[in-house]
Amino acid sequence: MLNVAIVGPGLVGGALIEQLAAHAQSPRFASLPIAVVGLINSKKMSVSPKPFAVEDLNQWKTAILGTSAAAADLLQFAESLAALKGSTAVVDCTSSDSISELYPLWLSKGLHVVTPNKKGFSNDISLFRKIQHLSASPQGPAVYHEATVGAGLPILSTLNDLVRTGDKIVKIEGIFSGTLSYLFNNFSIPGATQTFSECVSVAKSSGYTEPDPRDDLNGMDVARKVTILGRVAGLELGTDTLPVENIVPEALRSVSSAEEFMTRLPEFDEHFKKLNDEALASGSVLRYVGMVDGVNSQGSVKLARYALDHPFASLKGSDNIIAFTTERFSNPLIIQGAGAGAAVTAFGIFADLVKACERFGTASA
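Residues numbered from 1 in each chain as written. Predicted model: local features only at pLDDT ≥ 70, side-chain atom pairs only at ≥ 80, totals over all residues. Heavy atoms only, no water.

Enquirer: It is not clear to me how the overall build of the chain should be interpreted in this structure. Could you clarify?
Expert: If you tally the helices and strands in the chain, you get 16 helices and 12 strands. Since a compact globule built from 365 residues should have a radius of gyration of about 21 Å, the 22 Å found for the chain is in line with a globular shape. Across its three principal directions, the C-alpha atoms of the chain cover 65 × 50 × 40 Å. For the chain, the proportion of contacts with a sequence separation of at least 24, taken over those separated by at least 6, is 69%. Within the structure as shown, the chain displays about 16,100 Å² of accessible surface, and the carbon and sulfur contribution to it stands at 51%. The positive charge centre, built from 30 side chains, and the negative charge centre, built from 36, are 4 Å apart in the chain. (Helix = DSSP H or I, 4+ residues; strand = E, 2+ residues; numbered from the N terminus. Rg over C-alpha atoms; globule rule 2.2 N^0.38 Å. Contact = heavy atoms within 4.5 Å. Areas by Shrake-Rupley, 256 points an atom, 1.4 Å probe, with all protein chains shown as cover. Lys, Arg positive; Asp, Glu negative; His and termini not counted. Charge placed at Lys NZ, Arg CZ, Asp CG, Glu CD.)

So, in structure tokens, the structure goes:
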């Protein structure tokens with residue numbers, strides 16, 4: 001059996017608990033015994049030597065992390081998990097820097113790490129290398145982080161397959177932000193009439209953006225994903241050295257609130273209209289892309305033009321699209337689909353847990 005302990009069961013973690021509870025009642029459980037034995041949030045924690053009951057998982061906020069649960073203590077949580085029989089995977093569903101810094105400790109205790117948290121793989125490269133070193137043995141422990149790029153899309157697994165089979169990465173190019181995909185798929189298409197600020201407003205009210213849309217428009221989320229892709233491909237990329245085009249108008253970068261930003265954004269509609277008109281006049285559209293250049297060992301994040309017949313130009317909704325150009329795939333290998341959302345992110349994590357279970361689920365303590 002693979003024991004699973006979830007750190008930060010919020011939106012994504014809650015969706016994962018729901019999927020694992022359904023799995024526990026399915027015929028698949030017999031061949032893929034994956035069971036939740038631990039939960040911890042910012043206030044409470046609980047670790048059980050046997051799987052939580054499905055009825056408790058369905059009411060986890062009160063049944064598992066209710067008033068009778070112990071006070072949250074991440075170090076004690078890890079100690080308790082390490083003492084369990086069998087293999088245990090810790091699933092970090094937070095976006096915390098400090099929790100990602102605990103991965104080496106967890107690995108040193110023999111705990112596997114599965115996570116959508118980008119920080120451990122895109123912050124200082126020394127942490128990335130430490131995580132790599134501690135998870136290098138075929139006997140484990142192992143680290144799985146498919147959901148750090150593209151949620152449930154098979155992006156990192158595809159890249160790993162390309163690298164491990166000796167293919168040479170020429171270029172990885174993609175639209176990695178669901179928010180920026182939605183914005184430019186609606187703003188920069190022939191015949192569109194909405195202003196840029198109207199597109200941002202609709203995206204915000206529809207829940208596509210962060211509470212402060214500047215956190216999407218500054219490009220740092222895309223930069224983290226490009227950094228992860230580059231590092232998995234063997235390049236020494238970092239968000240601190242990556243050229244990132246921040247499309248937040250300079251005058252609005254320091255305004256004190258998201259409300260003030262949204263109020264003043266229409267002042268810059270003419271700027272974005274000019275960029276879009278120039279692109280459309282040349283038979284192109286604007287798309288916000290990340291790129292890994294495997295030949296020159298560098299990356300970039302920028303607003304770029306793509307011809308109307310390019311796959312990036314025909315993207316719909318908030319989908320992600322990634323194109324791998326390699327020595328073998330001179331005609332790019334393309335992956336496209338929903339790259340954000342709790343259910344698909346939880347699926348990406350669940351798929352990694354399946355891999356961990358197949359590899360370590362029958363191991364003894």
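Enquirer: When you look at the pattern of salt bridges in this model, what are you seeing that I'm missing?
Expert: Charged atoms that come close allow side chains of opposite charge to pair. Taken as a whole and assessed by the stated rule, the structure comprises 12 salt bridges. Between lysine 119 and aspartate 97 there is a salt bridge; the shortest N-O distance is 3.5 Å. Residue lysine 119 is located in helix 7 (residues 119-122), and its partner aspartate 97 is located in helix 5 (residues 97-100); the two are separated by 22 residues in the primary sequence. Since its relative accessible area comes to 15%, lysine 119 is described here as buried. On the accessibility criterion, aspartate 97 (35% relative accessible area) is partly exposed. Between arginine 214 and aspartate 212 there is a salt bridge, and its shortest N-O distance comes to 2.7 Å. (Salt bridge = Lys/Arg side-chain N within 4 Å of Asp/Glu carboxyl O. Buried < 20%, exposed > 50% of the residue type's maximum accessible area, 1.4 Å probe, protein only.)

Enquirer: I would appreciate a short explanation of the sheet that holds strand 2 (residues 34-40) in the present structure.
Expert: By definition, the strands of a sheet pair up through backbone hydrogen bonds, in either a parallel or an antiparallel sense. Judged by pairing direction, the sheet is mixed, and its seven strands sit side by side in the order 4-3-2-1-5-6-7 without closing on themselves. What marks the edges here is a single partner per strand, and that holds for strand 4 (70-71) and strand 7 (143-144). Here strand 6 (residues 112-114) pairs with strand 7 via two bridges, running parallel. Looking at the pairing, valine 113 lines up with valine 143 of strand 7. Contacting strand 1 (2-7), strand 2, strand 3 (44-47) and strand 5 (87-92), helix 4 (residues 74-82) crosses the sheet at an angle of about 5 degrees to strand 3. (Pairing = 2+ DSSP bridges. Axes fitted to C-alpha atoms, helices over the stretch in contact; angles between N-to-C directions.)

Enquirer: Is there a simple way to think about the sheet that holds strand 12 (residues 333-338) in this case?
Expert: Taking strand neighbours across the sheet as the criterion, the five strands line up as 10-9-8-11-12 in an open arrangement whose pairing is antiparallel. At either margin of the open sheet sits one strand with a lone partner, and together these are strand 10 (298-307) and strand 12. Put simply, the sheet's adjacent strands are angled 20 degrees from each other on average, direction ignored. Packing of helix 9 (residues 155-164) onto the sheet brings it into contact with strand 8 (169-175), strand 11 (319-326) and strand 12, and relative to strand 11 it is tilted by some 5 degrees. Set on the sheet, helix 15 (residues 269-281) makes contact with strand 9 (284-293) and strand 10; between it and strand 9 the angle comes to about 95 degrees.

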